[in-house]
Amino acid sequence: MEITKNNFSQELDNITKNLKQSCFVGFDAEFTAILSGECFNHRLFHTSKERYDLIKNEVSKMIMTQVGLTMFQYEREQDSYTAVGYTFHLCPQTFGDIDQSFIFQASTLRFLCKHKFNFNKFIYDGLPYLSKTEENLIRQQINDKTLFINLINCINMDDERTLQQYCSEVSKWLMNSEDETLYFDIENPVMRYIVHNEIRLRFPDVLTTDSLGNSNKVLIYRDKNVEGANSAPITLLEKNLMGNILGFSQIINLLAEHKKPIVGHNIFLDTVLLHSQFIGPLPKNYSVFKKNINNLFPVIFDTKYISHEMSRKLAFDETWKSNALQDLYEYFLDGKCKRLQTGMNIVKIKIPFDVKQSYHEAGWDSYCSGYCFIRLGHWAACEVSGKFRPVGPKEKLAALSPFCNKVNIIRGAVAYMNLVNNDPPSHRPDLLHVKSIKERVINVGKVTSVLASFGSVDIKRYGSRTALVAASSRNVADKILKQFRNDRDYRIAPYSFVKHSPVGRVAVWSSAIITGSILLMFIHRQFNTKIL
């Protein structure tokens, strides 16, 4: 089901109920930028901390335009799952002195057009949202009784003219009409809040309240003491306003409150965007970032990392074509996993997805992630028990617990980001050091071309005549070392900090000089002692 600002209020109770009944939630997001540029190049040199440090400034300029959530509910009697999927369309907002911004790359527009992205839903119908930092700022203004003044100070000319028009109509009504009531139909929730406060300020003898049955209407009574009518408390107006401007952030709060396991596919960037968009500015400290994400969502699974690790248990002819989400989903859907021939749960979709949108539509991808999680969990649980049989959600979660809070890192020095503990050590072989023998300035592009035939490698300049090589595997590194053992163009050896680093060499020479000086001083003293 697609959720926009037009149906969010009506569906919020159903979303809450489905979330409470779920055993885990599939997650996916679509962004405003395609990951291009040097900082998004996945290099074998990078640890997860280094990658975070590289991308955090660029990611803060991006936003999620769609968030897909699929609630998977287990039905014990049928031993099956019912999937309730939602695609939430989001759009940044301006509120007072908060003016959310983002970058929309031309390449992203082309990609989204190719996949039939609905720009009208994004711009006209997208749900607003606030980060925790922004929400706390507004709530502080409410506590300080400064919210209305701040909104008036930031109001644009068009809205100011509209406000003046509403006030003029009230003035004319009070002077020229005998009607006891007047109402305005105001769709914008911020303008409704401003109109309530401005009319009460300018016309202290009238009463304003929300019209019953129509949340868009501001109802005004001529006599504030009229029987049966009560002025809407300012706290109620503020509560209604916060509910409207929080928008999708209410869903994030529900997910955090109910602590359901979150399941995504290759979600490193998603976690960074979740922080930027719904927690606050990305912290400089990588450990603080991980702690904040874990506090928000204590249980996260990444099917990209899980499938990568579990593929090691499969023979070559058993494994999937790739563990990209589409390939992984279709592998399990088509029954190609020989480890899952009996006892598999049926997964039913409660509300059919639009098949024309399918992949790269956040709701559908969130469903696919959850579906793969169910199959991987079943396989893992049966391996633990030693036999293939029906498996419930608790057993699946327990069997996959070794992968909990481990987020896949694409083509990096480490396999995953650990959200609760220290990240693992590098699983790549030691770096190689390349020195050009004939060239005064090493040609990195040429070296890359020469070494590419040995396997996946990354190369970066280290000095005027030297470079460092990161190899994807020990086999690749060994082949390079063997081939270039007696090469006339390049001298390649395992990297040594002491031997190859200028800092290391300075440290060694400094140590040698200091040790030599101390030794000479000792000999000199011994010599003088003997003379005396």
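Definitions and limits used
Residues numbered from 1 in each chain as written. Predicted model: local features only at pLDDT ≥ 70, side-chain atom pairs only at ≥ 80, totals over all residues. Heavy atoms only, no water. Helix = DSSP H or I, 4+ residues; strand = E, 2+ residues; numbered from the N terminus. Rg over C-alpha atoms; globule rule 2.2 N^0.38 Å. Buried < 20%, exposed > 50% of the residue type's maximum accessible area, 1.4 Å probe, protein only. Contact = heavy atoms within 4.5 Å. Areas by Shrake-Rupley, 256 points an atom, 1.4 Å probe, with all protein chains shown as cover. Lys, Arg positive; Asp, Glu negative; His and termini not counted. Charge placed at Lys NZ, Arg CZ, Asp CG, Glu CD. 1 Å grid on protein atoms, 1.4 Å probe; cavity = no way out; pocket = protein on both sides within 12 Å on 5 of 7 lines; lining within 4 Å. Points joined across faces, edges and corners; volume = space filled by probe spheres on them. Nonpolar A, V, L, I, M, F, W, Y, C, P; charged D, E, K, R; others polar. Salt bridge = Lys/Arg side-chain N within 4 Å of Asp/Glu carboxyl O. Core = buried A, V, L, I, M, F, W, Y, C linked by side-chain atoms within 4.5 Å. Pairing = 2+ DSSP bridges. Axes fitted to C-alpha atoms, helices over the stretch in contact; angles between N-to-C directions. Phe/Tyr/Trp six-rings, centres within 6.5 Å; stacked < 30°, edge-to-face > 60°. Lys NZ or Arg CZ within 6 Å of the ring centre and 35° of its normal.

## Overview of the overall build of the protein
Line of reasoning, step 1. What the protein contains, in helices and strands, is 20 helices and 18 strands.
Line of reasoning, step 2. Over its C-alpha trace the protein gives a radius of gyration of 31 Å, far above what one expects of a compact globule, namely 24 Å for 532 residues.
Line of reasoning, step 3. Structurally, the protein occupies a C-alpha span of about 115 × 75 × 50 Å along its principal axes.
Line of reasoning, step 4. Scored against the burial criterion, the 532 residues of the protein give a buried share of 48%.
Line of reasoning, step 5. A separation threshold of at least 6 residues defines the contact pool for the protein, and within that pool the share at least 24 residues apart is 71%.
Line of reasoning, step 6. Approximately 27,600 Å² of the protein is accessible, and the part contributed by carbon and sulfur atoms is 53%.
Line of reasoning, step 7. In the protein, 65 side chains carry a positive charge and 54 a negative one; their mean positions are 15 Å apart.

## Section: empty space enclosed by the protein
Line of reasoning, step 1. A complete count under the given rule lists 5 cavities of 30 Å³ or more for this structure.
Line of reasoning, step 2. Estimated volume of the largest cavity: approximately 110 Å³.
Line of reasoning, step 3. Lining the largest cavity are 12 residues, and of these His 115, Lys 116, Phe 117, His 360 and Glu 361 lie nearest its centre.
Line of reasoning, step 4. For the lining of the largest cavity, a count of residues per class yields 4 nonpolar, 5 polar and 3 charged.

## So, the pattern of salt bridges
Between side chains of opposite charge, a pair can form as their charged atoms come close.
Line of reasoning, step 1. For the structure on display, the rule yields 17 salt bridges.
Line of reasoning, step 2. Among the salt bridges present, the one from Arg 411 reaches Asp 458, with a minimum N-O distance of 2.6 Å. Placement of Arg 411 in the loop between strand 13 (406–408) and strand 14 (416–418) and of Asp 458 in strand 16 (residues 457–461) is noted, with a sequence separation of 47 residues between them.
Line of reasoning, step 3. A single network of salt bridges, built from pairs that share partners, joins Lys 49, Asp 53 and Lys 56.

## Observations concerning the nonpolar core
Line of reasoning, step 1. If you look at the biggest cluster of nonpolar residues, it comprises 55 residues, and the most contacted ones within it are Met 64, Leu 69, Phe 88, Leu 90, Phe 248 and Ile 251.
Line of reasoning, step 2. The element best represented in this core is helix 11 (residues 268–279), accounting for 7 residues.
Line of reasoning, step 3. Excluding anything up to four places from it in sequence, Phe 88 contacts Ile 3, Phe 8, Ile 15, Thr 65, Gln 66, Val 67, Leu 69, Leu 127, Phe 248 and Ile 251.
Line of reasoning, step 4. Of all hydrophobic cores here, the second largest spans 40 residues; its members include Tyr 371, Leu 376, Trp 379 and Ala 380.

## Some points on the pairing of strand 17 (residues 466–471)
Line of reasoning, step 1. For strand 17, the tally of buried residues reaches 6 of 6 residues, placing the bulk of the element in the interior.
Line of reasoning, step 2. Because side chains alternate across strand 17, one face comprises the buried residues Thr 466, Leu 468 and Ala 470, and the other comprises Ala 467, Val 469 and Ala 471, equally buried.
Line of reasoning, step 3. The sheet contact formed by strand 15 (residues 432–436) and strand 17 spans 4 bridges and is antiparallel. Within the sheet, the bridge partner assigned to Leu 432 lies in strand 17 and is Val 469.
Line of reasoning, step 4. In the sheet, strand 16 pairs with strand 17 via 5 bridges, with the strands oriented antiparallel. Paired with Val 457 across the strands is Ala 471, a residue of strand 17.
Line of reasoning, step 5. Hairpin geometry of strand 16 and strand 17 is characterised by an intervening segment of 4 residues between the two adjacent antiparallel strands.

## Here's the deal with the sheet that holds strand 7 (residues 181–185)
Line of reasoning, step 1. The antiparallel open sheet is built from 3 strands, whose spatial order is 7-9-8. Of all strands in the sheet, those bounded by a partner on one side alone are strand 7 and strand 8 (207–210). In this sheet, adjacent strand axes meet at a mean angle of 25° when their direction is disregarded.
Line of reasoning, step 2. The sheet strands contacting helix 7 (residues 157–176) are strand 7 and strand 9 (217–221), and the helix crosses strand 7 at an angle near 165°.
Line of reasoning, step 3. Lying over the sheet, helix 8 (residues 189–202) contacts strand 7, strand 8 and strand 9, oriented at roughly 165° with respect to strand 8.

## Focus on the packing of aromatic side chains
Line of reasoning, step 1. Under the defined criterion, the tally for this structure stands at 28 aromatic pairs.
Line of reasoning, step 2. The interplanar angle of 10° and the centroid separation of 4.8 Å between the aromatic rings of Phe 24 and Phe 72 together place this pair among those described as stacked. Of the two residues, Phe 24 sits in strand 2 (residues 24–31) while Phe 72 sits in strand 3 (residues 64–75), which places them 48 residues apart along the sequence. Residue Phe 24 shares its accessibility class with Phe 72, and that shared class is buried.
Line of reasoning, step 3. Both rings, one in Tyr 166 and one in Phe 184, keep their centres 4.7 Å apart while their planes meet at 50°; by these two values the pair is tilted. Taken as a pair, Tyr 166 in helix 7 and Phe 184 in strand 7 lie far apart in primary sequence, 18 residues in all. Here Tyr 166 and Phe 184 have matching classes, each one buried.
Line of reasoning, step 4. Members of the aromatic cluster, joined through ring pairs, are Phe 24, Phe 72, Tyr 74, Tyr 81, Phe 301, Tyr 329, Trp 364, Tyr 367, Tyr 371 and Phe 373.
Line of reasoning, step 5. One residue, Lys 460, lies across the ring of Phe 45, its end atom 4.6 Å from the ring centre.

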